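# Survey of secondary and tertiary structure
Below are the chains, spelled out letter by letter.
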Amino acid sequence: MLDALNQARATGRNCGTAYYPAVAPLAWNTLLAQAAAGHSTDMANNNYFSHTSLDGRSAKDRIDATGYLGSYWGENIAGGPADVDAVMSGWLASPGHCANMMNSAYKDFGAACAYNASSTYGEYWTQDFAAPR
C-alpha cells in the first residue's frame, strides 16, 4: 500500500474540484501501522464502521496510544474492497480521502487491513497519516 500511495502522490491530481500538485513520498511508520491495525481489527471483530472506536477513541487517540509524537494526523477507512488496488481506487475517487492522501503536511504513514468473514464488510482498511512534532 505504501508503494501505491506514493505513486498516487507523485502525480498531481484533482480530488473532487480541488487540484493537488505532486507531493513528496511518505515514510512507513510502524507506530502508525500499529494504530491502523488495531482499528481495522476492532472494526472487523466488532462489526462496525467508523472513525470513532466503540470505546469513544478518535484516530488521534489511537495514534497517541502507540507513542507516536505527532503534530498533525489524519485517517482513511474503508470496508469491503478485497485488495490494495480496489481500496486505493475508491479512496482516490472520493474527494476527502484523496485530499488526505495528497496532503503535503503528512510525512509518515501506516496502514492495515483486517478480515472477519462474519462481519458486514469482511475486509476493513485503515490508513493513518501524521507529521512528527
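Note that the structure is a prediction, hence the values are computed from the model and not measured.

### A closer look at the overall build of the protein chain
- Within the protein chain, the regular secondary structure consists of five helices and six strands.
- Ordering the α and β elements of the protein chain from the N terminus gives α-β-β-β-α-α-β-α-α-β-β.
- Computed over its C-alpha atoms, the radius of gyration of the protein chain comes to 14 Å, within 12% of the 14 Å expected for a compact globule of 133 residues.
- With the C-alpha coordinates aligned to their principal axes, the bounding extent of the protein chain is approximately 40 × 30 × 25 Å.

### Things to note about the nonpolar core
- Ranked by size, the top nonpolar core spans 12 residues in total: Leu5, Leu26, Ala78, Val87, Met88, Trp91, Met101, Tyr106, Phe109, Ala111, Trp125 and Phe129.
- Those elements that provide at least two residues to this core are α4 (84-93), β5 (108-115) and β6 (123-132).
- With residues near it in sequence (within four places) discarded, phenylalanine 109 still touches Met1, Leu2, Leu5, Leu26, Ala27, Trp28, Asn29, Leu32, Gln127, Asp128 and Phe129.
- One finds Ala44, Ile77, Ala114 and Tyr124 within the second-largest nonpolar core, a separate group that totals six residues.

### Some details on the sheet that holds strand β4 (residues 70-79)
- Strand order in the open sheet made by the four strands is β3-β5-β6-β4, with mixed pairing throughout. The open sheet has two edge strands with one neighbour each: β3 (27-28) and β4.
- Sheet analysis places β3 next to β5, joined by two bridges and oriented parallel. Counterpart to alanine 27 in the pairing with β5 is aspartate 108.

### Describing the packing of aromatic side chains
- Counted by the stated rule, this structure contains six aromatic pairs.
- The interplanar angle of 70° and the centroid separation of 5.9 Å between the aromatic rings of tryptophan 28 and phenylalanine 109 together place this pair among those described as edge-to-face. Highlighted residues: tryptophan 28 in strand β3 and phenylalanine 109 in strand β5, separated in sequence by 81 residues.
- Between phenylalanine 49 and tyrosine 121, the ring centres sit 5.4 Å apart and the planes meet at 55°, which makes this aromatic pair tilted. Here phenylalanine 49, found in the loop between α2 (30-46) and α3 (59-65), pairs with tyrosine 121, found in the loop between β5 and β6; they are 72 residues apart in sequence, far enough to count as distant.
- Judged by relative accessible area, which is 37%, phenylalanine 49 ranks as partly exposed.

Criteria and cut-off values
Residues numbered from 1 in each chain as written. Predicted model: local features only at pLDDT ≥ 70, side-chain atom pairs only at ≥ 80, totals over all residues. Heavy atoms only, no water. Helix = DSSP H or I, 4+ residues; strand = E, 2+ residues; numbered from the N terminus. Rg over C-alpha atoms; globule rule 2.2 N^0.38 Å. Core = buried A, V, L, I, M, F, W, Y, C linked by side-chain atoms within 4.5 Å. Buried < 20%, exposed > 50% of the residue type's maximum accessible area, 1.4 Å probe, protein only. Contact = heavy atoms within 4.5 Å. Pairing = 2+ DSSP bridges. Phe/Tyr/Trp six-rings, centres within 6.5 Å; stacked < 30°, edge-to-face > 60°.

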